[in-house]
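The residues making up each chain are set out below.
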Amino acid sequence: MEKHKAPISNLKAQISNLKCQISNLTFPLLFFAVMLLSSCGGDSYEIRGDKVYYTWWTFSFGHQEEELVGADAATFEAVNDWLGKDKSHVFYKARLVEGCDPLTLDVVKEGLICDAKDYYYEGKAMGVADMKSFEVLQLDEYTLWAKDSKCAYFDSIRIDSIDSGSFEVAGTFLAKDKNRVYYRSRVLPQADPATFEELEGCYMRDNTHAWYLDSLMPDAEGKAFQSKWDYGWDSKR
């Protein structure tokens, strides 16, 4: 049976879903990629005169720093190595967290904070609909999934019109409720949540259809579709 490699039609989506391909790398390539792309520690805030800087170090570029524009050095304090505040502002690393109140600031988990009126993921407001019922479903180095009684959240993007009671995480970039399957923050076209499952190599299927990333493969046999690494096939091909 001939196996065909899926075409890459969306480079941005392919890059953002690097996790799907990580398991296919040999150990030397994986080690090199991690060393090249990841931070190697040393993140901190520094006050120099009337300016505040966020500093970090990477394997690729060595020491890096960025000024916190608008920070008040006299009242600035580091909450931890990725969060700082002054009398009027909150900063995620070097990014101003717009609208966040430093007086009611609270750290939920790494990368996720809140104040009295909203939650913020990696410095971006999430627009939480119901603060009292908000709960984190999954938070790791790749992404955040959360929900409240009215909406769901992928990273800092709000997903409206969900069924909150049945909403659950179905994969790193996947979630579902009783009515729909969601790829990142978008509804996966024609997916049946009751029979949906994630396969290897960024492929997915239900009893009728198959997908690569968030693209429906119109000729694929859903129930018969299989994948290994980054190859997919069914009984026809």
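Keep in mind that what you see is a predicted model, and the values were worked out from it rather than measured.

Asks: Before we go on, may I ask you to explain the confidence of the model for the protein chain in this structure?
Replies: Segments scoring low in pLDDT should not have their predicted coordinates read at a detailed level. In the predicted model, the protein chain carries a mean pLDDT of 83, and the fraction of residues at 70 or more is 75%. Confidence drops under a pLDDT of 50 for residues 1-15, and excluding neighbours within four residues, the segment shows 22 contacts in the predicted structure. Low pLDDT, under 50, characterises residues 231-235; the stretch is placed with 24 contacts to residues that sit more than four places away or in other chains.

Asks: Would you mind showing me how to read the pattern of salt bridges here?
Replies: As a working rule, side chains carrying opposite charge can pair if their charged atoms are close by. Counted by the stated rule, this structure contains seven salt bridges. With a closest N to O distance of 2.8 Å, Arg48 and Glu46 form a salt bridge. With a closest N to O distance of 2.7 Å, Glu197 and Arg205 form a salt bridge.

Asks: Help me understand the pairing of strand E2 (residues 44-48) in this model?
Replies: Two faces, one strand: in a regular strand the side chains alternate between the faces of the sheet. The sheet contact formed by E2 and strand E3 (residues 51-58) spans five bridges and is antiparallel. Paired with Ile47 across the bridge in E3 is Val52.

Asks: Would you mind showing me how to read the sheet that holds strand E13 (residues 135-139) here?
Replies: As summarised here, the arrangement of the four strands in space is E13-E14-E15-E16, forming an open sheet in which the pairing is antiparallel. Two strands in the sheet have a free side with no partner beyond their single neighbour: E13 and strand E16 (157-159). Geometrically, the sheet is characterised by an average inter-axis angle of 20° between neighbouring strands, direction not taken into account. With three bridges joining them, strand E14 (residues 144-147) and strand E15 (residues 152-154) adopt antiparallel strand pairing. In the strand pairing of E15, Ala146 is matched with Tyr153.

Asks: Would you explain the sheet that holds strand E6 (residues 83-85) in this entry?
Replies: The strands that make up a sheet pair up through hydrogen bonds in the backbone, lying either parallel or antiparallel. Taken in spatial order, the four strands of this open sheet run E5-E6-E7-E8, and their pairing is antiparallel. Edge positions in the open sheet fall to strand E5 (77-78) and strand E8 (95-96), since each of these has one partner strand only.

Asks: Looking at this structure, I do not really get the nonpolar core. What am I missing?
Replies: Soluble globular proteins: nonpolar side chains tend toward being buried together. Trp145, Ile159, Phe167, Tyr183, Leu188, Phe196 and Met204 are the most contacted members of the largest nonpolar core, which has 24 residues in total. Broken down by secondary-structure element, the contributors of at least two residues to this core are E15, strand E18 (174-176), strand E19 (181-183), strand E22 (203-205) and strand E23 (210-212). Non-local contacts of Phe167, meaning those with residues more than four positions away in its chain, are made with Leu137, Trp145, Ala146, Lys147, Ala152, Ile162, Ala175, Lys176, Asp177 and Tyr182. In terms of nonpolar packing, the next biggest core, distinct from the first, is built from 11 residues, Leu112, Tyr121, Val128 and Ala146 among them.

Asks: Looking at this structure, how should I read the environment of Glu46?
Replies: Tracing the backbone shows Glu46 in strand E2. On the basis of relative accessible area, Glu46 is assigned to the partly exposed category, the value being 29%. A C-alpha to C-alpha distance of 9.5 Å links Glu46 and Glu65, two positions 19 residues apart in sequence. At 2.8 Å, the side chain of Glu46 and the side chain of Arg48 are in polar contact.

Asks: Just to check I follow, could you spell out the side chain of Asp115 for this structure?
Replies: You can see Asp115 is positioned in the loop between strand E10 (112-114) and strand E11 (119-121). The exposure class assigned to Asp115 is buried, which follows from its relative accessible area of 4%. A polar side-chain atom of Asp115 sits 2.9 Å from the main-chain amide nitrogen of Lys117. Of note is the side chain of Asp115, whose polar atom sits 2.9 Å from the backbone nitrogen of Asp118.

The rules we used
Residues numbered from 1 in each chain as written. Predicted model: local features only at pLDDT ≥ 70, side-chain atom pairs only at ≥ 80, totals over all residues. Heavy atoms only, no water. pLDDT = per-residue confidence, 0-100. Contact = heavy atoms within 4.5 Å. Salt bridge = Lys/Arg side-chain N within 4 Å of Asp/Glu carboxyl O. Pairing = 2+ DSSP bridges. Helix = DSSP H or I, 4+ residues; strand = E, 2+ residues; numbered from the N terminus. Axes fitted to C-alpha atoms, helices over the stretch in contact; angles between N-to-C directions. Core = buried A, V, L, I, M, F, W, Y, C linked by side-chain atoms within 4.5 Å. Buried < 20%, exposed > 50% of the residue type's maximum accessible area, 1.4 Å probe, protein only. Polar contact = N/O pair within 3.5 Å; in protein donor to acceptor, adjacent residues only side chain to side chain.

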